[in-house]
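Chains, contacts and geometry: an overview
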Amino acid sequence: MENKEKNTITVDGIEVELDGERNLLEVIRKAGIDMPTFCYYPELSIYGACRMCVFEDEKGRIDSSCSTIPRAGMAVKTNTARLRRYRKDILELLLANHCRDCTTCEKNDSCKLREFAAKYGLTDVRFPNTKKEPEIDDSSACIVRDASKCILCGACVRVCSEIQNVGAIAFAKRSSKVTVSTAFGVPISRTNCIGCGQCAAYCPTGAITVRNDTQKVWDALADKDTYVTAQIAPAVRVAVSKEFGLEDGENVIGKICTALRYMGVDEVYDTTVGADMTVFEETEEFVRKLENGDKLPMFTSCCPGWIRFAEKNYPELLPQISTCRSPMQMLASALSKKLDKKCASEGKKHYHIAVMPCTAKKFEAKREEFAGMVDAVITTVELIKMIKQSGLMFDKIKPSDPDSVYGPSSGAGVIFGVTGGVTEAVIRKAANDSSDSALEEISYTGVRGLEGVKEACVKLSDREIKIAVVSGLANTSALLESIKEGKHYDLVEVMACPGGCICGGGQPHAEDDGTKNNRARGLYSSDERSVIRTSQQNKQVEELLSSFGGEKHHLLHVNYVK
Amino acid sequence: MNSSTFDYAVVDRILGEIGCKQCNTIAILQAIQEYYRYLPQEIFPYISEKMGVSEATIYGVATFYENFSLEPKGRYVIKVCDGTACHVRLSLPVLEALRKELGLSADKKTTDDLKFTVETVSCLGACGLAPAMTINDVVHPTMTPEKAVAILNELKREAYKDET
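Bear in mind that the values here come from a model prediction, so they are computed numbers and not experimental data. (Residues numbered from 1 in each chain as written. Chains lettered and ligands numbered in written order. Predicted model: local features only at pLDDT ≥ 70, side-chain atom pairs only at ≥ 80, totals over all residues. Heavy atoms only, no water.)

Topic: the domain arrangement of chain A
Quoted interface sizes are often the accessible area lost when the parts come together. Residues and elements named next belong to chain A. The cut-off we apply is this: Domains are outlined according to an automatic or database domain assignment. Only heavy atoms enter the contact rule, under which two residues are in contact if any of them lie within 4.5 Å. We define buried area as the total accessible area lost by two parts upon association, computed with a 1.4 Å probe and summed across both. Salt bridges, as used here, are contacts in which a Lys or Arg side-chain nitrogen is within 4 Å of a carboxyl oxygen on Asp or Glu.
Splitting chain A by domain gives domain 1 (2-79), domain 2 (89-210) and domain 3 (215-556). Taking only C-alpha atoms, the centre of domain 1 and the centre of domain 2 are 27 Å apart. Contact residues are listed per partner, giving 14 residues for domain 1 and 20 residues for domain 2. Buried surface at the junction of domain 1 and domain 2, summed over both partners, amounts to about 1,500 Å²; 62% is from carbon and sulfur atoms. Area buried by domain 1 at its contact with domain 2 is led by Phe38, Tyr41 and Leu44, which between them contribute 43% of it. At the surface where domain 1 touches domain 2, the tally comes to 1 salt bridge. Here Asp34 ties to Lys119 by a salt bridge, and the two come within 2.8 Å at their closest N and O atoms.

As structure tokens, then:
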């Protein structure tokens, strides 16, 4: 009664103030209780399948907290003998028909099922193991599925349809035969999957994993006749630290450079150089389109998931997508031009690795338009694995600078890794004012923040430029529909993953906003600390671009229109 | 038949009548099945695009409900009830007699010439008539293996009449 007046709930004796939480689970977590869940994610719809988040009320009734509406005056318990037994039973039942070869599983170090089995003291499974034979679908360049390791939490299904509006996979069949499947069980590469890898990031077990290309890279590094170069994307540098006990979101680009060199990479580049090239090219293209009165909006082209999504769902928009290659491909083009022949003349093969926050980049690298430019794409998660395998004590190694033939890249290139960053970088270039006050003004136009859809308006030589920044493909679909209905924008930045590349499918999964914000902050503060903050200040890139002469378009642009 | 030669006129008519909304998925699938006697694979990408619902999601609905079939069914669909009442009054011998007569099994439910389909159903709600079966939704009460085979032979005469 007393709690009711006070608008509070008692969780294990701790009084917690209610503040519009959408379910009891959020209230319990607010009380500082680490409630286990397989199927619950705040940004997805509530599914209530795993039953790990059970609680007991005053009358001893048990229910799942994720699907219970919090009411003032409730007094709940989360750690009674019955609940502990229930959770263990659930884990035992899940393991009854689950593969238990944890030691050789790709998700070994990040599997929630393995983690909870250890955490809740599971020492024995009473039931005979009725695990199914592996059902592996490795048709995709980006992800690998093994339905036999699926615990039917439905996170992949929900993120694919609710966040990405793709729906390549869904639950099929019913009862004991339920499975997560493509339509008619066809290989995922033959569906409308865009390879964003969000399903793999959300999957709590080894049922969906990012394709592991690390062995390919180790082989290249071990080959004496191979000259290996690497590039590191902006978002990677802020998603590695947490795994090694460093501050979450800390920019560790220097340590990554050292680690890659230690593993045997001959030249290490920062993809932000590619981003600076993109800014030059994309701004020029945008201004040209504005002046020519071409059809607008112009859409950005950095995100391979978005390109794939547009190809499959909005082919009519392809002519409006910038012809700029992604920063990864621009830098790869420049390096290929610089090194391929040189290496060949020394009897070596130039092998280029791209370290990306993104699974779709694996597909992009294999596109026929870019064949042979990037030999291997490894994600942040794979990089972390490689660092661990190398034996390096990452927290202790000294940072080193990336190779700098293309100059110190700009802060504008660094913020490509977060939603709104490409737009902000392009505005900085188009406004052509590198003073601190001008940059600060741009940062407040509304392009920053992790919201899914942002609008901004900037003035470029007396013209009002209307901009939309969107991340997550469901948000993108909604925006495209509003454009079809007549809403006008001049420039639209699209990133397939919500929040941009910092939350890419190849990153360690950021389960809460804290980590996402830390990563975004890590990039913005690196930008602030950069010696140069606009792409036009990067004179080496400007010289490089003019050195390409007539070849420039061929090297840095692409036409996706078929 | 591949998707380029499939005639979508029927599907278009159904979509027009029912409306291309996600909440109509089941009704649309039912109407399509009523026409084709099953759900041809070609319709999935087509209605997915029209309805703005992913193919995998529609496939999920189609495989969830026992009543939808992804396999072509025969001209005569015989459903033998195997609910509790029919089962205890010996529905299984009826089922076995029909299967034997047509060379069918639990896995192979339809004859190669697409004339007959034999399947079980969990309860027809006609327990007073047990054991019951339906042929194209017409109920045949108090079956025995002999009676069922006699009915089947009659149907066979009808089915193959045009060909002899």
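Here the narrative resumes.
Describing the interface of chain A and chain B
Operational definition: Between N or O atoms, a polar contact is any pair within 3.5 Å; within protein, one atom must be a potential hydrogen donor and the other a potential acceptor, and residues adjacent in sequence are included only when both atoms are from side chains. Strands here are runs of E lasting at least two residues and helices are runs of H or I lasting at least four, both read from the DSSP assignment and numbered beginning at the N terminus. The nonpolar class holds Ala, Val, Leu, Ile, Met, Phe, Trp, Tyr, Cys and Pro. Asp, Glu, Lys and Arg form the charged class, and all remaining residues, Gly among them, are polar.
Counting residues at the interface gives 14 residues for chain A, matched by 13 residues for chain B. The contact between chain A and chain B buries some 1,000 Å² in all, and 66% of this surface belongs to carbon and sulfur atoms. At the junction of chain A and chain B, the tally comes to 0 salt bridges. In this structure, the connection of chain A to chain B is made through 3 residue pairs in polar contact (both at pLDDT 80 or more). Broken down by element, the residue count for the side of chain A that touches chain B peaks at 3 residues, all from strand β8 (residues 170-172) of chain A. Taken together, the residues of the side of chain A that touches chain B break down into 8 nonpolar, 4 polar and 2 charged.

What to know about the domain arrangement of chain B
Partitioning chain B into structural domains gives domain 1 (9-64) and domain 2 (76-163). In this structure, domain 1 of chain B and domain 2 of chain B have C-alpha centres spaced 29 Å apart.

Quick look at the environment of A:Glu455
All names here are of chain A. Inclusion rule: A simple rule labels every residue: compare its accessible area, found with a 1.4 Å probe on the protein chains alone, to the largest value its type can have, and call it buried under 20%, exposed over 50%, or partly exposed in between.
Residue placement: Glu455 occurs in strand β16 (residues 453-460). For Glu455, a relative accessible area of 44% corresponds to the partly exposed category. Those residues in contact with Glu455, other than ones at most four positions away along the chain, are Thr445, Gly446, Ile467, Lys487 and Tyr489. Engagement of the side chain of Glu455 in a polar contact is seen with the side chain of Lys487, the distance being 3.1 Å. Here Tyr489 takes part through its side chain, which lies 2.6 Å from a polar atom of the side chain of Glu455.

Considerations on the packing of aromatic side chains
What counts is decided by this rule: Pairing of aromatic side chains here covers Phe, Tyr and the six-membered ring of Trp, requires ring centres within 6.5 Å, and sorts the geometry by plane angle: under 30 degrees stacked, over 60 edge-to-face, intermediate tilted. Only lysine NZ and arginine CZ atoms are considered, and such an atom sits over a ring when it is within 6 Å of the ring centre and within 35 degrees of the ring normal.
According to the stated counting rule, one finds 18 aromatic pairs over all chains in the structure shown. The interplanar angle of 90° and the centroid separation of 4.8 Å between the aromatic rings of A:Phe184 and B:Phe44 together place this pair among those described as edge-to-face. Here the residue A:Phe184 occupies a position in the loop between β9 (179-181) and α6 (198-202), and B:Phe44 occupies one in helix α3 (residues 43-51), the pair thus bridging two chains. Residues A:Phe309 and A:Tyr314 carry aromatic rings whose centres are separated by 6.1 Å and whose planes lie at 50° to one another, so their mutual orientation is tilted. Its relative accessible area of 1% is what places A:Phe309 among the buried residues. Given a relative accessible area of 7%, A:Tyr314 falls into the buried group. Joined through ring pairs, the aromatic side chains of B:Phe6, B:Tyr8, B:Tyr35, B:Tyr36 and B:Tyr46 make up one cluster. Its guanidinium or amino end placed over the ring of A:Phe394, A:Lys255 lies 5.9 Å from that ring's centre, counting from NZ or CZ.

Structural notes on the environment of A:Ala259
All names here are of chain A. Secondary-structure assignment places Ala259 in helix α8 (residues 253-263). The sequence separation of Ala259 and Ala118 amounts to 141 residues, and the corresponding C-alpha distance is 31 Å. Not counting chain neighbours up to four residues away, the residues in contact with Ala259 comprise Ile387, Leu392, Phe394 and Ile397.

A short note on the packing of helix α7 (residues 214-222) of chain A against helix α13 (residues 380-390) of chain A
Residues and elements named next belong to chain A. Spelled out, the test is: What counts as an axis is a line fitted to C-alpha atoms, over the stretch in contact for a helix, and the angles between N-to-C directions run from 0 to 180 degrees. Angular relationships are summarised with four words: roughly parallel below 35 degrees, roughly antiparallel beyond 145, roughly perpendicular across 65 to 115, and oblique for the angles in between. Two helices that cross are described as forming a left-handed crossing if the nearer one is turned anticlockwise from the farther one by less than a right angle, and a right-handed crossing if clockwise.
One can describe the packing of α7 onto α13 by two numbers: an axis separation of 10 Å at closest approach and a directional angle of 50°. On the basis of their axis angle, the class for α7 and α13 is oblique. Where α7 crosses over α13, the handedness of that crossing is right-handed. Mapping the contact onto sequence places Thr214, Val217, Trp218 and Leu221 in α7 and Glu382, Met386, Gln389 and Ser390 in α13. Among the residues making up the contact of α7 with α13, the classes are represented as 4 nonpolar, 3 polar and 1 charged.

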